[in-house]
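# Overview (structure and organization)
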Number of protein chains: 2
Amino acid sequence: MSKKTNIKNTSRTIRPSKTGGAEDAYTELPLDQILQGNCIELMNRLPEKSVDVIFADPPYNMQLKGELHRPDNSHVDAVNDDWDKFDNFSSYDDFSKAWLTAARRVLKDNGTIWVIGSYHNIYRVGATLQDLGYWVLNDIVWRKTNPMPNFRGTRFTNAHETLLWCNKGENYNKYTFNYDAMKALNEDVQMRSDWTLPICSGKERLKVNGHKGHSTQKPEALLYRVLLASTNKGDVVLDPFFGSGTTGAVAKKMGRHFIGLEKEEKYIRLATDRITAIDELEAEALEITPAKRAQPRVPFGTLVERGMIAPGTLLYSPKSSNGKQHIAKVRADGTLISDSSKGSIHQVGAALQGAPSCNGWTYWHLQVKEQLVPIDMLRQQIRQELH
Amino acid sequence: MSKKTNIKNTSRTIRPSKTGGAEDAYTELPLDQILQGNCIELMNRLPEKSVDVIFADPPYNMQLKGELHRPDNSHVDAVNDDWDKFDNFSSYDDFSKAWLTAARRVLKDNGTIWVIGSYHNIYRVGATLQDLGYWVLNDIVWRKTNPMPNFRGTRFTNAHETLLWCNKGENYNKYTFNYDAMKALNEDVQMRSDWTLPICSGKERLKVNGHKGHSTQKPEALLYRVLLASTNKGDVVLDPFFGSGTTGAVAKKMGRHFIGLEKEEKYIRLATDRITAIDELEAEALEITPAKRAQPRVPFGTLVERGMIAPGTLLYSPKSSNGKQHIAKVRADGTLISDSSKGSIHQVGAALQGAPSCNGWTYWHLQVKEQLVPIDMLRQQIRQELH
DNA sequence: CCTCCTCCTGAATCCGGCA
DNA sequence: TTGCCGGATTCAGGAGGAG
């Protein structure tokens, strides 16, 4: 059982045919619509080899256990939706295999598929993609500028998600990749496999009664880059896990057609309202998040790690008016130790001077051939590499 | 068939025992050595649960690429393609399963394993890790500052590799993670899951007759961060695909023990020379920022006992946003009593705030000359005495 | 209108020692 | 093994109010 939801009056007429089985097959693509139901059944009703690109944001199977609080004791509103629960890896794999098989049938031979995930699920999804014959073109890392920290200090901040971009096989080489558009978007340097973008928050984040409209809404900037890279104007983009409809919103804005598949009524309502309010952009499109121009932050530890300053190296302060000079030793984790204090280059510099603060980059020097050179010189080198 | 290679004169004597099978078992760990042979066989000869960390840089499945094509390189239909791919990925999976199983036996229950790979193999490796019961702690993205560009403009620049960091399972929670050292290395901001480091080039890149000594030599900075994060001084690090010996070089430098497994004679020679030339850093330089949890516990009652806080003293919470401030009185046994609750400094603090927990040391303050001073100041005094 | 400050929040596999 | 309980733990950015 499934029904369709029209997004705009201009959407095409649907003619389900009764031939060939219990399910109604779409003889024509239901463009710019959200179809309600199980995405596998719905995909099987679409004509084969009919869509240009698939973007899929399947459940991540997060397997969260207890409650989590921030250090200020506030409660973390985690993803604990029923749709994210699976019994075990095996049942998750069955699910992945099923929807990716249905997706493969619908995808044009020269089409491509994007799947986004986290470490909880992306390794399984990636293996399943390969098992089904999909060919990985790139794995893309979405570096979040503002991820949630690790509140308990138990792991590295989980600061990225992964997208897999695949075509239907090694020998299908005519997929769309707008190389020059990507290069232009990246200030005339080849677009890399790591994309730095903020998470979806602020005004862009859809709310219902003051609460998140969807627990995992993706930022439009992410979809913008995906669609700009891998589709042309007028292409058809299928999203089998439509959710809050970011794919549809960006597709409409960019003059692409979308087909959204979604089980839950509440998300369909949310997405429908959202997309209805959107106007298609004129020819020239804008990147929502411009590249940051600021100088990249370089921790002092980076110099140690890279072997530019070995642990055990002595650093020297400038000689003060009374001829006194401070010395500190570099430790393995990029902190300093002096006679009387330990800590960052800034902390130790401040402590030794009895000052409230200190710029360690200019205060501390290396001895190079009987000359003192500020460690800031080394930071400049690294910043040049990071360009 | 395998043999060992001593790296330094001080290495311990090895006593292979003839008991229990055709293979010689090591009754003692062959520390700081490179063992020649098949890594699975070698791992099976090591004592179980004996190494603290495994770092593995397995073949990326590029070698198998030839097998992924038909011998005549003919175009393969998508559907028929499946078995072909499956068979070949399957053999890579068998290989992964075999060495990861052997690795699991050798790894201490509270040990962790790192595996590095690219999109060609990491999704398969990740799924295999999970299938074997390993629990992913983080997936780490190594962002290369200087990756090889995509010359043909057909894809995004492949600018990263992925590391998976796992422990032996969901319930093994005592793995080593030097959170504070990582934070210090990153200038007092939590270390994230994306690491920006250059590839191995220049002087660091080992050459033999003017050519690369090893085709996939990893940068020492990468191993430095891995080992600083997940090992302590004196720990044993096993690398089953030792190659050019970056793991051993960094381990030696950092005062960790290594065990290297490697099939090829030429790489063993390369790595041996390399590691021999390396000096271990001095002890003071290897010190890192200690975890607060590692500091001696001081019961609040000690302050009362020592007369630093008299029974009857009033303690004050910080003023909250609505101007409210909680007050509690110290009792003779080091518990607090307030209007509504009694108990430890933590329990009363939590109860008064209606919070799930509270660090009483930072929550409660003494009034000293019209200023509020956290009682943690007094704990610091005691800890210094204990020094 | 601008600045400053406080509050809130985000796909999270989030503690550990001891009785 | 379970349960108790001490006490350690966060970054970026947007919204909104105060001044």
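Residues numbered from 1 in each chain as written. Chains lettered and ligands numbered in written order. Predicted model: local features only at pLDDT ≥ 70, side-chain atom pairs only at ≥ 80, totals over all residues. Heavy atoms only, no water.

Named according to an unreviewed UniProt entry, chain A is Methyltransferase originating from Emcibacter nanhaiensis. For the record of chain A, the UniProt heading Sequence similarities (unreviewed entry) holds the text "Belongs to the N(4)/N(6)-methyltransferase family." On record in UniProt, under Catalytic activity (unreviewed entry), the comment for chain A is "a 2'-deoxyadenosine in DNA + S-adenosyl-L-methionine = an N(6)-methyl-2'-deoxyadenosine in DNA + S-adenosyl-L-homocysteine + H(+)". (UniProt positions renumbered as here; feature names shortened; annotations may be inferred.)

## A few points about the environment of proline 299 of chain B
Residue and element names in this part refer to chain B. Here proline 299 shows up in the loop between α9 (283-286) and α10 (300-305). Overall, the relative accessible area of 36% leaves proline 299 in the partly exposed class. For the pair proline 299 and tyrosine 119, spaced 180 residues apart in sequence, the C-alpha to C-alpha distance is 51 Å. (Helix = DSSP H or I, 4+ residues; strand = E, 2+ residues; numbered from the N terminus. Buried < 20%, exposed > 50% of the residue type's maximum accessible area, 1.4 Å probe, protein only.)

## Details of the protein's contact with DNA strand D
Near DNA strand D lie 28 residues; those nearest to it are Tyr179, Lys183, Gln190, His346 and Arg379 of chain B. The side chain of arginine 152 of chain A places a nitrogen or oxygen atom 3.4 Å from a base nitrogen of DNA strand D. Within the side chain of serine 357 of chain B, an N or O atom sits 2.9 Å from a base nitrogen of DNA strand D. Of all elements in the fold, only α5 (179-185) and α11 (345-353) of chain B reach the threshold of two or more residues within the surface near DNA strand D. Per-element accounting of the surface near DNA strand D gives the leading share, three residues, to α5 of chain B. (Near = heavy atom within 4 Å. Polar contact = N/O pair within 3.5 Å; in protein donor to acceptor, adjacent residues only side chain to side chain.)

## Some points on the nonpolar core
Formed by 71 residues in total, the largest nonpolar core has its most connected members in Trp99 and Ile113 of chain A together with Trp99 and Ile113 of chain B. Counting residues in each nonpolar core, the second largest holds 63 residues, with Ile375 of chain A together with Tyr60, Tyr179 and Met254 of chain B among its members. (Core = buried A, V, L, I, M, F, W, Y, C linked by side-chain atoms within 4.5 Å.)

## As for the protein's contact with DNA strand C
Every one of the 43 residues lining DNA strand C counts as a neighbour, but Arg70, Tyr119, Arg152 and Arg205 of chain A together with Ser321 of chain B are closest to it. Measuring from a base nitrogen of DNA strand C, one finds a backbone N or O atom of tyrosine 60 of chain A at 3.1 Å. Residue phenylalanine 151 of chain A places a main-chain N or O atom 3.0 Å away from a base nitrogen belonging to DNA strand C. When the residues that make up the surface near DNA strand C are grouped by side-chain class, the tally is 18 nonpolar, 11 polar and 14 charged. (Nonpolar A, V, L, I, M, F, W, Y, C, P; charged D, E, K, R; others polar.)

## Some remarks on helix α8 (residues 265-276) of chain B
In a regular helix each residue adds 1.5 Å, so 12 residues correspond to 16 Å; α8 of chain B covers 16 Å between its end C-alpha atoms and thus fits that length. Where α8 of chain B is concerned, the buried positions are Tyr267, Ile268, Leu270, Ala271, Thr272, Arg274 and Ile275 of chain B. (Expected span 1.5 Å × (residues − 1).)

## A closer look at the interface of chain A and chain B
Listed per partner, the contact involves 83 residues of chain A and 81 residues of chain B. For the pair chain A and chain B, the summed buried area comes to about 7,300 Å², and 48% of that belongs to carbon and sulfur atoms. Among the residues of chain A in contact with chain B, Tyr123, Phe156 and Glu305 of chain A are the three that bury the most area, contributing 13% of the side total. Across the contact surface, chain A and chain B share nine salt bridges. Taking the shortest distance from any N to any O, the salt bridge between arginine 124 of chain A and aspartate 131 of chain B comes out at 2.5 Å. Along the contact surface separating chain A from chain B lie 43 residue pairs in polar contact (both at pLDDT 80 or more). Tallying contributions element by element places strand β7 (residues 135-144) of chain A first for the side of chain A that touches chain B, with nine residues. Considering only residue class, the side of chain A that touches chain B consists of 37 nonpolar, 27 polar and 19 charged. (Contact = heavy atoms within 4.5 Å. Buried area = accessible area lost by both parts, 1.4 Å probe. Salt bridge = Lys/Arg side-chain N within 4 Å of Asp/Glu carboxyl O.)

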